[in-house]
Structures are given as C-alpha cells and as structure tokens.
Amino acid sequence: MARQKRNFTHLLKHSMFVLASGFVLTACAQSASKAPRSYVAHKTTENIVVDGKADEESWEKAPWSDNFIDIEGVKTPTYKTNMKMLWDDEYLYFFADLEEPHVWGTLKQRDTVIFYNNDFEIFIDPDGDTHNYMEFEMNALNTIWDLLLVKPYREHSLVLDSWDIQGIKTAVHVNGTLNNPNDKDSGWSVEIAMPWKVLTEANSHGKIPEDEFWRINFSRVNWDFELVDGRYQRKKDESGKYLPEYNWVWSPQGVINMHEPEHWGYVYFTSKGVDEKVTFEIPEDEAIKWQLYALYRKQKAFKNKNGKWAASMDELAQEPIKVKGKEIQPSIELHEQGWNIKVESPFTNQVLIIKEDGDFLKSKN
C-alpha cells in the first residue's frame, strides 16, 4: 500500500498529467516542431572515482551542457544548473553542478519520494519508444530513488518501484554546509556511475550504444523553503498548503510533465575520447517521430471529445504535414484494440508507426 500511495502521489504532484486538459494537449502539439537539445558523451579510459567532485582530467575536458531552463522552456531558473557525461565499458557517468545558496535535505530512506526535497533527476529511454524507461532521483543527502516505468503515466500502466539500478555509485559534494541556515552556500554537485549491465536491459539490442544515441533528460526540482525550529522544510502558504515546486530541466518539455519521453533530449555516445571534437545531428526521421506523437495526442483528444477514435487523417490534420521541407502522408489503421498511425519516411524509406498506447515502431519498407 505504501508503494502504491507513493506512485499515486508521484503521478499527481510531479508529472502533473491531466488527460483531458486542452492546455496540456495544445502545448505538447506546439512543441512538436521544436527540436530537443542534444549532447555528445565521450568515452574515457581514465579511472573515474565517484566522489561528487569530478576532478579527473576527463571530466575537466568533457563539455558542459547548456544551462537548464524552466520545464516549459520559457523562464530562466533562479539558480544555474549544468550537467556533463562520460562513459566507459562498464559505466555511464553523470556529473551535475547545482547553484544553490541553501543546501538542505531531510529524506534518508531509499526509494522514498525524493522530490519532496530539492533534488536532481535523470530519465533514460534507451530505445526511444517512450516505454520501459528509467527514472532516477537523488537529494543532497545522497539518498536515491530509482524506478522503471513500463509506460508513461498517461497510459495508466505499471510503475516498478522495487526495481533497482544494481551496482550504482553515487556521491554528493556540498560547496558550503549542509542543513545549516546560518550561512550561505555556493551549491552542490552530484556524481553518478550507472552500470551498463542494468541500463542495456531496456535497449533494443541489449548492448552499449557505442556511436548511437539514447533519449535522456535531466530535471532539477527546487522548493521555496521556510525554517521551523531552525530546520529547513518546504514552504507553505497561508492555508497550510505547500507552495508549488520549480521544475528546471536540460531539454524543455513544453509542458509541466517530465513523463512525456518524446520531448527528452538526445545523447550520442561517441567512441572517441574527450580530446576529439565530435558533432551530432538528430536524424531526420526523428523529426517525423515528433509529428507522430503530436498526432497521437490529437487522436487522444479526439476520443475524449467524440467518444470514438478518428478513422481518417482528415479528422486530425486539416493542413499538409511537412518535415524539413518534405511532405509526409500518415494514415490511420483502426483495429480491434485501438489504432496505428503509420507513415513512410521520405528520408530513409522506413515505415514509422505509432500505436494507441504511444509505443513507437519502425520497419523497413
């Protein structure tokens, strides 16, 4: 029961998913034309000590990400956040630097709802189909929460809260003093090593994605605080309700919901070291995929309004859909359990398919 309650709370308070909300559907549809951010993670042969400091030469040379932005992609956060990544044959490494004048944390039990403290979060979808993705959270006390989601919350599916990233290494370094309200801090940093043997279980081919990309995003939850008996806690309003959290992310979602994996960023795992310059361009078929997810949301909205699925594209899209200057011609197939929307890519000739539960497939024509 406790785990079910935590998962339900996570659904309502963190993902902010409202199936029938016209605002949510509109915001997501508009964001389909905006490319997510991308990052190149270099391979390292250096021994990485996970101590929260990232002072190895490989870390110093690894590129920083763009500054985090508000989850909707509009506002500039109060405090700066950046991340960087490396990988070797055993681990995928993350390092993040979080500016924060008051570093605090209260939660010490693993797999509790960590975002009730200020936290840092990682979301990983290895094969980019929005299913079977991983979520990881940690606070300044180095308390972690790791879970596997079979499907996004919008599909009302299982959340595997007891799933663990076995062999994970994590560390926190506080540039200041933890839980001390009598001074001002500079911030805190986190360093994480996730074993490939766990992460690749959800990859389509079960191997390290060398010279391939995964869909990944990062989030930072920050709360206004107040002191009660000299201790930090989330701030409440005059009626006794907690003030809403701030959600700052690497690649903007376009909506207050981290659990729309189709908006996450792209991380390319180059086999080259940090001394070599590597560029990555998001494949053209991915832009078609963003449009398919926009149609998926329109199909859901159509069902909510009309009580049935749209049977033709004319009911979902009145204007031609163009991707990078080329028109695509998706079609709808209704079947007993739902529907498929499919389209042939003008770039690769592959057939791209999205199903009624948001699962994404592709096949050769």
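Residues numbered from 1 in each chain as written. Predicted model: local features only at pLDDT ≥ 70, side-chain atom pairs only at ≥ 80, totals over all residues. Heavy atoms only, no water.

Brief notes about the pattern of salt bridges
Piece 1. Under the counting rule described, the total for this entry stands at 15 salt bridges.
Piece 2. In this structure, the salt-bridge partner of Arg 110 is Asp 146, at a minimum N-O distance of 2.5 Å. One end of the pair, Arg 110, is in the loop between strand E4 (91-99) and strand E5 (119-125); the other, Asp 146, is in strand E7 (residues 144-149), and 36 residues separate them in sequence.
Piece 3. Taking the relative accessible area as the measure of exposure, Arg 110 reaches 36% and is therefore partly exposed.
Piece 4. The class for Asp 146 is buried, based on a relative accessible area of 0%.
Piece 5. Across the pair Glu 286 and Arg 215 runs a salt bridge whose closest N-O atoms are separated by 3.7 Å. (Salt bridge = Lys/Arg side-chain N within 4 Å of Asp/Glu carboxyl O. Helix = DSSP H or I, 4+ residues; strand = E, 2+ residues; numbered from the N terminus. Buried < 20%, exposed > 50% of the residue type's maximum accessible area, 1.4 Å probe, protein only.)

Let's talk about the environment of Phe 218
Piece 1. Note on placement: Phe 218 falls in strand E11 (residues 213-222).
Piece 2. Judged by relative accessible area, Phe 218 falls into the buried class, the value being 0%.
Piece 3. Taking the C-alpha atoms as reference points, Phe 218 and Met 83, separated by 135 residues in sequence, lie 8.5 Å from one another.
Piece 4. Excluding residues within four positions of it along the chain, Phe 218 makes contact with Phe 68, Met 83, Met 85, Phe 94, Phe 120, Glu 121, Ile 122, Trp 248, Val 249, Trp 250 and Met 258. (Contact = heavy atoms within 4.5 Å.)

Comments concerning the pairing of strand E21 (residues 360-364)
Within a regular strand, the side chains alternate between the two sheet faces.
Piece 1. Of the strand pairs in this sheet, strand E20 (residues 350-355) and E21 are connected by 5 bridges, and their pairing is antiparallel. Bridging across to E21, Gln 350 finds its partner in Lys 364.
Piece 2. Connecting the antiparallel pair E20 and E21 is a turn made up of 4 residues, with Gly 358 showing a positive phi of about 85 degrees. (Pairing = 2+ DSSP bridges.)

Focus on the UniProt feature "domain: Carbohydrate-binding" (unreviewed entry) in the protein chain
Piece 1. When the UniProt feature table is mapped to this numbering, "domain: Carbohydrate-binding" (unreviewed entry) covers residues 50-200.
Piece 2. With 6% helix and 37% strand, residues 50-200 has end C-alpha atoms that lie 21 Å from one another. (UniProt positions renumbered as here; feature names shortened; annotations may be inferred.)

A short note on the pairing of E11
Piece 1. The element E11 is extensively covered by neighbouring structure, given that 9 of its 10 residues are classed as buried.
Piece 2. As judged from the 7 bridges shared by E5 and E11, these two strands associate in the antiparallel manner. By the bridge assignment for E11, Asp 125 is matched with Arg 215.
Piece 3. The pairing of E11 with strand E15 (residues 265-269) spans 4 bridges and is antiparallel. Directly across from Arg 215, in E15, lies its bridge partner Tyr 266.
Piece 4. In this structure, E11 lies alongside strand E14 (residues 246-249), joined through 4 bridges in antiparallel fashion. Paired with Val 221 across the two strands is Asn 247, which belongs to E14.

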